[in-house]
Amino acid sequence: MFRILAGLGLAAGLLLGEPLVFQPAAAAELEQIEQRGYLIVAVKDNWRPLGFRDEAGELAGLEIDIAKALAAELLGDAEAVELRSVSNVDRLSVVIEGEVDITIAGVTLTEARSRLVSFSIPYYLDGTAVITRDPLIQRSEDLNDRRIAVLENSSAIALVRYLFPSATLVGASTYTQALSTLEADQADAFAADASVLTGWVQEYPRYRQLPALVSAEPLAVVIPKGTRFSPLRRQINRHLQDWIDDGWLAERTDYWGLP
(Lines give C-alpha, C1' and ligand atoms only; values in the text may rest on other atoms or scores of the structure.)
Protein backbone atom coordinates (compact mmCIF):
# COMPACT_ATOMS: atom_id res chain seq x y z
CA MET A 1 0.00 0.00 0.00
CA PHE A 2 1.14 3.50 -0.69
CA ARG A 3 1.32 5.86 2.23
CA ILE A 4 -0.74 8.81 0.98
CA LEU A 5 -0.59 11.99 3.00
CA ALA A 6 -2.41 15.22 2.21
CA GLY A 7 -2.44 18.86 3.17
CA LEU A 8 1.15 19.97 3.25
CA GLY A 9 1.04 23.70 4.10
CA LEU A 10 4.46 25.30 3.82
CA ALA A 11 5.19 28.96 3.15
CA ALA A 12 5.09 30.08 -0.45
CA GLY A 13 7.26 33.04 0.42
CA LEU A 14 10.35 30.89 -0.06
CA LEU A 15 9.85 31.29 -3.80
CA LEU A 16 10.22 35.07 -3.65
CA GLY A 17 13.06 37.50 -2.99
CA GLU A 18 16.80 37.19 -3.33
CA PRO A 19 18.51 33.80 -3.86
CA LEU A 20 19.30 32.06 -0.58
CA VAL A 21 21.28 29.00 0.38
CA PHE A 22 19.03 26.35 1.93
CA GLN A 23 20.00 23.33 4.00
CA PRO A 24 17.21 20.73 3.73
CA ALA A 25 16.15 19.50 7.16
CA ALA A 26 15.18 15.93 6.36
CA ALA A 27 15.37 15.29 2.63
CA ALA A 28 17.44 12.15 2.29
CA GLU A 29 20.46 11.43 0.19
CA LEU A 30 20.37 8.31 -1.99
CA GLU A 31 22.12 6.14 0.59
CA GLN A 32 19.71 7.25 3.32
CA ILE A 33 16.73 6.53 1.08
CA GLU A 34 18.07 3.03 0.49
CA GLN A 35 18.54 2.52 4.23
CA ARG A 36 15.05 3.87 4.98
CA GLY A 37 13.54 1.55 2.41
CA TYR A 38 11.10 3.89 0.69
CA LEU A 39 11.03 7.08 -1.36
CA ILE A 40 8.98 10.14 -0.30
CA VAL A 41 7.49 11.99 -3.29
CA ALA A 42 5.27 15.08 -3.44
CA VAL A 43 2.65 14.73 -6.17
CA LYS A 44 -0.58 16.33 -7.34
CA ASP A 45 -3.94 14.72 -6.66
CA ASN A 46 -6.15 17.04 -8.75
CA TRP A 47 -4.21 17.49 -12.00
CA ARG A 48 -5.59 14.91 -14.41
CA PRO A 49 -3.83 13.21 -16.17
CA LEU A 50 -0.49 14.03 -14.47
CA GLY A 51 -1.61 13.19 -10.95
CA PHE A 52 -5.21 12.70 -9.78
CA ARG A 53 -7.49 10.40 -7.81
CA ASP A 54 -9.30 7.79 -9.86
CA GLU A 55 -12.81 6.47 -9.25
CA ALA A 56 -11.50 4.24 -6.48
CA GLY A 57 -9.80 7.19 -4.77
CA GLU A 58 -6.33 5.94 -5.66
CA LEU A 59 -3.63 8.23 -7.05
CA ALA A 60 -3.06 7.75 -10.76
CA GLY A 61 -1.50 9.52 -13.72
CA LEU A 62 1.75 9.93 -15.62
CA GLU A 63 3.65 11.40 -12.66
CA ILE A 64 2.39 8.67 -10.34
CA ASP A 65 3.72 6.12 -12.83
CA ILE A 66 7.09 7.89 -12.78
CA ALA A 67 7.20 7.94 -8.97
CA LYS A 68 6.46 4.21 -8.80
CA ALA A 69 8.99 3.42 -11.52
CA LEU A 70 11.70 5.38 -9.69
CA ALA A 71 10.96 3.45 -6.50
CA ALA A 72 11.27 0.21 -8.46
CA GLU A 73 14.62 1.26 -9.93
CA LEU A 74 16.12 2.77 -6.77
CA LEU A 75 14.74 0.28 -4.23
CA GLY A 76 13.64 -2.72 -6.24
CA ASP A 77 9.98 -2.29 -5.29
CA ALA A 78 7.38 -0.09 -7.00
CA GLU A 79 5.39 -0.12 -3.73
CA ALA A 80 8.30 1.41 -1.78
CA VAL A 81 7.05 4.98 -2.17
CA GLU A 82 5.16 7.38 0.05
CA LEU A 83 3.04 9.76 -2.03
CA ARG A 84 2.19 13.10 -0.47
CA SER A 85 -0.42 15.32 -2.07
CA VAL A 86 0.85 18.90 -2.39
CA SER A 87 -0.64 22.22 -3.46
CA ASN A 88 0.85 24.15 -6.37
CA VAL A 89 2.28 26.83 -4.11
CA ASP A 90 4.14 24.27 -1.96
CA ARG A 91 5.71 22.16 -4.68
CA LEU A 92 9.21 23.61 -4.20
CA SER A 93 9.06 24.43 -0.51
CA VAL A 94 8.42 20.82 0.55
CA VAL A 95 11.74 19.91 -1.06
CA ILE A 96 13.57 22.96 0.30
CA GLU A 97 12.28 22.25 3.82
CA GLY A 98 13.17 18.57 3.58
CA GLU A 99 9.60 17.28 3.97
CA VAL A 100 9.97 15.06 0.90
CA ASP A 101 12.84 13.56 -1.07
CA ILE A 102 11.64 14.83 -4.45
CA THR A 103 8.64 16.50 -6.09
CA ILE A 104 6.98 15.22 -9.27
CA ALA A 105 4.03 17.59 -9.58
CA GLY A 106 3.86 19.43 -12.88
CA VAL A 107 6.80 21.71 -12.07
CA THR A 108 8.24 23.64 -15.02
CA LEU A 109 12.03 23.89 -15.13
CA THR A 110 12.98 27.58 -15.04
CA GLU A 111 16.18 29.51 -14.36
CA ALA A 112 14.65 31.28 -11.36
CA ARG A 113 13.55 28.01 -9.76
CA SER A 114 16.96 26.47 -10.44
CA ARG A 115 18.45 28.94 -7.97
CA LEU A 116 16.39 27.30 -5.21
CA VAL A 117 16.36 23.62 -6.15
CA SER A 118 17.93 21.19 -8.59
CA PHE A 119 16.07 19.59 -11.48
CA SER A 120 16.26 16.34 -13.37
CA ILE A 121 16.26 16.20 -17.13
CA PRO A 122 12.72 16.85 -18.45
CA TYR A 123 10.25 13.97 -18.56
CA TYR A 124 7.51 15.82 -20.49
CA LEU A 125 7.14 18.96 -22.57
CA ASP A 126 4.03 20.76 -21.35
CA GLY A 127 2.95 24.14 -22.68
CA THR A 128 0.01 26.31 -23.56
CA ALA A 129 -2.69 24.65 -25.65
CA VAL A 130 -6.18 25.58 -26.82
CA ILE A 131 -9.49 23.70 -26.53
CA THR A 132 -12.75 24.42 -28.31
CA ARG A 133 -16.02 22.82 -29.36
CA ASP A 134 -16.48 25.11 -32.37
CA PRO A 135 -16.29 22.94 -35.53
CA LEU A 136 -14.98 25.91 -37.52
CA ILE A 137 -11.84 26.09 -35.38
CA GLN A 138 -9.52 23.35 -36.57
CA ARG A 139 -6.09 25.00 -36.47
CA SER A 140 -4.36 27.73 -34.49
CA GLU A 141 -4.78 30.06 -37.47
CA ASP A 142 -8.56 29.85 -37.04
CA LEU A 143 -8.30 31.66 -33.69
CA ASN A 144 -7.76 35.06 -35.27
CA ASP A 145 -10.72 37.39 -34.64
CA ARG A 146 -12.14 34.86 -32.14
CA ARG A 147 -12.92 35.17 -28.42
CA ILE A 148 -10.32 33.28 -26.38
CA ALA A 149 -10.78 32.68 -22.67
CA VAL A 150 -7.64 32.89 -20.52
CA LEU A 151 -7.00 32.61 -16.80
CA GLU A 152 -6.37 35.98 -15.19
CA ASN A 153 -2.65 36.66 -14.54
CA SER A 154 -1.61 33.55 -16.48
CA SER A 155 1.34 33.34 -18.86
CA ALA A 156 -1.12 32.42 -21.64
CA ILE A 157 -2.28 36.05 -21.83
CA ALA A 158 0.96 37.37 -23.32
CA LEU A 159 1.24 34.42 -25.70
CA VAL A 160 -2.31 34.80 -27.02
CA ARG A 161 -1.89 38.57 -27.44
CA TYR A 162 1.36 38.04 -29.36
CA LEU A 163 0.20 35.17 -31.58
CA PHE A 164 -3.39 36.28 -32.14
CA PRO A 165 -3.40 40.09 -31.94
CA SER A 166 -6.88 40.35 -33.46
CA ALA A 167 -8.44 37.92 -30.96
CA THR A 168 -10.60 39.15 -28.09
CA LEU A 169 -9.41 37.95 -24.67
CA VAL A 170 -12.04 36.91 -22.14
CA GLY A 171 -10.81 36.71 -18.55
CA ALA A 172 -11.67 33.91 -16.12
CA SER A 173 -10.57 33.69 -12.50
CA THR A 174 -10.71 29.86 -12.33
CA TYR A 175 -10.93 26.84 -14.61
CA THR A 176 -14.52 26.37 -13.47
CA GLN A 177 -15.38 29.89 -14.56
CA ALA A 178 -13.64 29.32 -17.88
CA LEU A 179 -15.81 26.27 -18.47
CA SER A 180 -18.93 28.29 -17.63
CA THR A 181 -17.78 30.98 -20.07
CA LEU A 182 -17.43 28.43 -22.85
CA GLU A 183 -20.74 26.77 -22.01
CA ALA A 184 -22.51 30.16 -22.09
CA ASP A 185 -21.04 30.84 -25.54
CA GLN A 186 -19.16 33.87 -24.20
CA ALA A 187 -15.89 32.53 -25.64
CA ASP A 188 -14.99 30.39 -28.63
CA ALA A 189 -11.90 28.73 -27.15
CA PHE A 190 -9.83 28.46 -23.98
CA ALA A 191 -6.02 28.71 -23.75
CA ALA A 192 -4.25 27.13 -20.74
CA ASP A 193 -1.74 24.41 -19.76
CA ALA A 194 -1.84 21.49 -22.19
CA SER A 195 -1.68 18.91 -19.39
CA VAL A 196 -4.69 20.44 -17.63
CA LEU A 197 -6.68 20.79 -20.85
CA THR A 198 -5.96 17.15 -21.69
CA GLY A 199 -7.74 16.21 -18.48
CA TRP A 200 -10.59 18.54 -19.40
CA VAL A 201 -11.11 16.87 -22.76
CA GLN A 202 -11.11 13.48 -21.05
CA GLU A 203 -13.77 14.69 -18.62
CA TYR A 204 -15.75 16.77 -21.14
CA PRO A 205 -15.38 14.94 -24.48
CA ARG A 206 -17.53 17.48 -26.35
CA TYR A 207 -14.39 19.65 -26.34
CA ARG A 208 -11.25 18.92 -28.32
CA GLN A 209 -7.71 20.18 -28.13
CA LEU A 210 -6.09 21.79 -31.15
CA PRO A 211 -3.13 19.73 -32.40
CA ALA A 212 -0.41 22.37 -32.03
CA LEU A 213 0.89 23.77 -28.74
CA VAL A 214 1.13 27.55 -28.45
CA SER A 215 4.30 27.13 -26.35
CA ALA A 216 6.44 24.32 -24.92
CA GLU A 217 7.70 24.14 -21.33
CA PRO A 218 9.71 21.24 -19.82
CA LEU A 219 8.43 19.45 -16.71
CA ALA A 220 11.14 17.94 -14.48
CA VAL A 221 11.64 16.23 -11.13
CA VAL A 222 12.47 18.64 -8.29
CA ILE A 223 15.50 17.52 -6.24
CA PRO A 224 17.18 19.20 -3.23
CA LYS A 225 20.06 21.50 -4.11
CA GLY A 226 23.58 20.55 -3.00
CA THR A 227 26.42 18.23 -3.96
CA ARG A 228 25.38 15.58 -1.43
CA PHE A 229 22.22 15.05 -3.47
CA SER A 230 24.18 14.61 -6.72
CA PRO A 231 24.08 10.76 -6.60
CA LEU A 232 20.27 10.88 -6.30
CA ARG A 233 20.01 13.33 -9.18
CA ARG A 234 22.34 11.26 -11.36
CA GLN A 235 20.33 8.10 -10.72
CA ILE A 236 17.04 9.84 -11.51
CA ASN A 237 18.51 11.31 -14.70
CA ARG A 238 19.88 7.93 -15.77
CA HIS A 239 16.55 6.20 -15.35
CA LEU A 240 14.63 8.99 -17.08
CA GLN A 241 17.04 8.85 -20.01
CA ASP A 242 16.66 5.06 -20.17
CA TRP A 243 12.86 5.46 -20.26
CA ILE A 244 13.17 8.05 -23.02
CA ASP A 245 15.49 5.81 -25.03
CA ASP A 246 13.44 2.62 -24.67
CA GLY A 247 10.13 4.37 -25.30
CA TRP A 248 8.56 3.74 -21.89
CA LEU A 249 7.93 7.43 -21.21
CA ALA A 250 6.39 7.92 -24.63
CA GLU A 251 4.17 4.88 -24.08
CA ARG A 252 2.95 6.15 -20.69
CA THR A 253 2.41 9.65 -22.14
CA ASP A 254 0.26 8.17 -24.90
CA TYR A 255 -1.57 5.97 -22.40
CA TRP A 256 -2.66 9.02 -20.40
CA GLY A 257 -3.71 10.86 -23.56
CA LEU A 258 -1.17 13.66 -23.26
CA PRO A 259 -0.25 15.55 -26.44
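Novice: Pulling in residues and values, what's your account of the pattern of salt bridges?
Specialist: Should the charged atoms of two oppositely charged side chains come close, the side chains can pair. Scanning all chains against the criterion turns up 12 salt bridges. Across the pair Arg36 and Asp101 runs a salt bridge whose closest N-O atoms are separated by 2.6 Å. Here Asp101 lies in the loop between α3 (93–96) and β7 (102–103) and Arg36 lies in helix α1 (residues 30–36), a separation of 65 residues in the sequence. Asp101 gets classed as buried once you look at its relative accessible area, which sits at 1%. With its nearest N and O atoms 3.0 Å apart, the salt bridge here joins Arg252 to Asp65. Of this pair, Arg252 sits in helix α9 (residues 248–255) while Asp65 sits in helix α2 (residues 62–75); the two residues are 187 residues apart in sequence, bridging distant segments of the chain. In this pair, the class of Arg252 matches that of Asp65, namely buried. When salt bridges that share partners are traced, they join Asp134, Arg146, Arg147, Asp185 and Asp188 into one network.

Novice: Go over the sheet that holds strand β12 (residues 168–172) with me, naming the residues and quoting the values.
Specialist: Read from one edge to the other, the open sheet built from 5 strands follows the order β12-β11-β13-β10-β14, with strand pairing classed as mixed. On the outer flanks of this sheet lie β12 and β14 (208–209), each paired with one strand and no other. Strand direction decides the pairing type here: strand β10 (residues 128–132) and strand β13 (residues 189–193), joined by 5 bridges, are antiparallel. In the strand pairing of β13, Ala129 is matched with Ala192. Those strands touched by helix α6 (residues 175–183) are β10, β11 (147–151), β12 and β13, and its axis lies near 160° from that of β13. Relative to β13, helix α7 (residues 194–203) is tilted by about 125°, and along the sheet it contacts β10, β13 and β14.

Novice: Describe the pairing of strand β2 (residues 39–43), listing the residues and the values that go with them.
Specialist: For β2, a buried count of 5 out of 5 residues is recorded, marking the element as mostly surrounded by other parts of the structure. Burial along β2 is two-sided: Leu39, Val41 and Val43 facing one way and Ile40 and Ala42 facing the other are all buried. The sheet contact formed by β2 and strand β6 (residues 81–86) spans 5 bridges and is parallel. Each bridged residue has a counterpart across the sheet, and for Ala42 the counterpart in β6 is Arg84. Sheet topology places β2 next to β7; 2 bridges connect them, and they run parallel. Within β7, the residue paired with Ala42 across the bridge is Thr103.

Rules behind the numbers
Residues numbered from 1 in each chain as written. Predicted model: local features only at pLDDT ≥ 70, side-chain atom pairs only at ≥ 80, totals over all residues. Heavy atoms only, no water. Salt bridge = Lys/Arg side-chain N within 4 Å of Asp/Glu carboxyl O. Helix = DSSP H or I, 4+ residues; strand = E, 2+ residues; numbered from the N terminus. Buried < 20%, exposed > 50% of the residue type's maximum accessible area, 1.4 Å probe, protein only. Pairing = 2+ DSSP bridges. Contact = heavy atoms within 4.5 Å. Axes fitted to C-alpha atoms, helices over the stretch in contact; angles between N-to-C directions.

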